[in-house]
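What the coordinates show
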Amino acid sequence: MKKRIGTISAVLVLACAIVALYLYIDRSGKEAKEPVNTVAEQLLSKNLETNYPPTPYALTEFYCGIVECIYSTQTTEEQLEKLVELELSLFDEEFAALNPYEQLLAATKKDLAEAKEKGLVFTGYVIDKASNVSKWKKDGKEYASLQFQLMSRSGEGSGGSYRNLIMRKDSEGNYKILGWETAEKAE
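Here goes a summary of the coordinates provided. Sequence positions are assigned chain by chain, starting from 1 and proceeding in written order. In keeping with the predicted nature of the model, local features appear solely for residues at pLDDT of at least 70, side-chain atom pairs appear and are counted solely at 80 or more, and the whole-chain, interface and lining totals rest on all residues. Side-chain numbers here rest on the full set of heavy atoms in the structure, without hydrogens or water.

**Considerations on unusual backbone geometry**
For clarity, the threshold we go by: In DSSP terms, a helix is any run of H or I states spanning at least four residues, a strand is any run of E spanning at least two, and both are numbered starting from the N terminus. Think of it in three bands: residues with accessible area under 20% of the maximum for their type are buried, residues over 50% are exposed, and the middle band is partly exposed, with areas taken using a 1.4 Å probe on protein chains only.
Even without being glycine, D139 reaches a positive phi, approximately 55°. By secondary structure assignment, the location of D139 is in the loop between β2 (134-138) and β3 (141-154). The exposure class assigned to D139 is exposed, which follows from its relative accessible area of 74%.

Here's what the structure looks like:
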């Protein structure tokens, strides 16, 4: 009888040790995992003071990423407000003065509501790596433009619109967005 109690006790102690080890490994594995950041969170975490897009192409790509997140159905209201703020930080001083934050946010929300009403879904963007960045100087300032395509789909099918992003170098040597214009597809 004593032998049986000893065996049962040993099995219980071993079972408790196995359960404790399993719980320890399970909890430590969960703590070690990094939370998954959304694309919006990744964009919003970028420090533009130390890591500003260095070229017109990089600025266009970053800007298009912001637009993609703004039109994403996964973006929260709080993220939308921060994304519009981030978008505004890419604007040239002149262009930013014409588009104050509250006005830009209201216009963005209006565009989102109209797109939703029309069943229009933003599906991405295309910046042709082979397309040339046009650069020029005027009145001692450096300018650049680059074409990109915003892709969308609706109940009627998919399509896209071409835009030229116009940029101007600021006093720190960074290209800032001066505006954009509708464009025809580049040959």
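**Observations regarding the packing of aromatic side chains**
Put simply, the test is: Two aromatic rings from Phe, Tyr or Trp, using only the six-membered ring of Trp, form a pair when their centres are within 6.5 Å; if the ring planes differ by under 30 degrees the pair is stacked, by over 60 it is edge-to-face, and anything between is tilted. We call a charge positioned over a ring when the NZ of a Lys or the CZ of an Arg lies within 6 Å of the ring centre and within 35 degrees of the ring normal.
What the rule picks out here adds up to 7 aromatic pairs. Ring geometry for Y63 against F148: centres 6.3 Å apart, planes inclined by 75°, an arrangement best described as edge-to-face. Here Y63 is found in helix α3 (residues 56-70), whereas its partner F148 is found in strand β3, with 85 residues between them in sequence. F148 matches Y63 in its accessibility class, with the two residues each being buried. Where F91 meets W180, the ring centres are 6.2 Å apart and the plane angle is 55°; that geometry is what we call tilted. Placement of the pair is F91 in the loop between α4 (77-89) and α5 (93-98) and W180 in strand β5 (residues 175-183), with a sequence separation of 89 residues. Members of the aromatic cluster, connected to one another through ring pairs, are Y63, F91, F95, F148 and W180. The positively charged end of K46 is found above the aromatic ring belonging to F62, 4.8 Å away from the centroid.

**Description of the pairing of β2**
Quick reminder of the rule: The pairing criterion is simple: DSSP has to find at least two bridges between the two strands.
Counting buried positions along β2 yields 0 of 5 residues, so the element is predominantly exposed. Relative to β3, β2 runs antiparallel, the two sharing 5 bridges. Its bridge partner being in β3, S134 is matched across the sheet by S145. Taken together, β2 and the strand that follows it, β3, pair antiparallel across an intervening segment of 2 residues, in which D139 is found at a positive phi of about 55°.

**Describing the pattern of salt bridges**
The condition is simple: One speaks of a salt bridge when a side-chain nitrogen belonging to Lys or Arg is within 4 Å of a carboxyl oxygen belonging to Asp or Glu.
Overall, the coordinates contain 5 salt bridges when judged by the stated rule. D92 is the partner of R168 in a salt bridge, and the nearest nitrogen-oxygen pair spans 2.7 Å. You can see R168 sitting in strand β4 (residues 157-169) and its partner D92 sitting in the loop between α4 and α5, a full 76 residues away along the chain. The exposure class of R168 is buried, given its relative accessible area of 8%.

**Structural notes on the packing of α3 against α4**
The following threshold applies: Only the contacting stretch of a helix is used when fitting its axis, a line to C-alpha atoms as for every element, and angles between N-to-C directions run 0 to 180 degrees. Oblique is the label for any angle not covered by the other classes, which are roughly parallel (under 35 degrees), roughly antiparallel (over 145) and roughly perpendicular (65 to 115). Each crossing gets its handedness from the near helix: less than a right angle anticlockwise from the far helix is left-handed, clockwise is right-handed. Any two residues having at least one pair of non-hydrogen atoms within 4.5 Å are treated as being in contact.
For the pair α3 and α4, the least separation of the axes is 10 Å and the interaxial angle reads 155°. On the basis of the axis angle, α3 is roughly antiparallel to α4. Judged by the sense of rotation from one axis to the other, the crossing of α3 with α4 is left-handed. For the pair α3 and α4, the contacting residues are F62, Y63, I66, C69 and I70 in the first and L80, L83, V84, L86 and E87 in the second.

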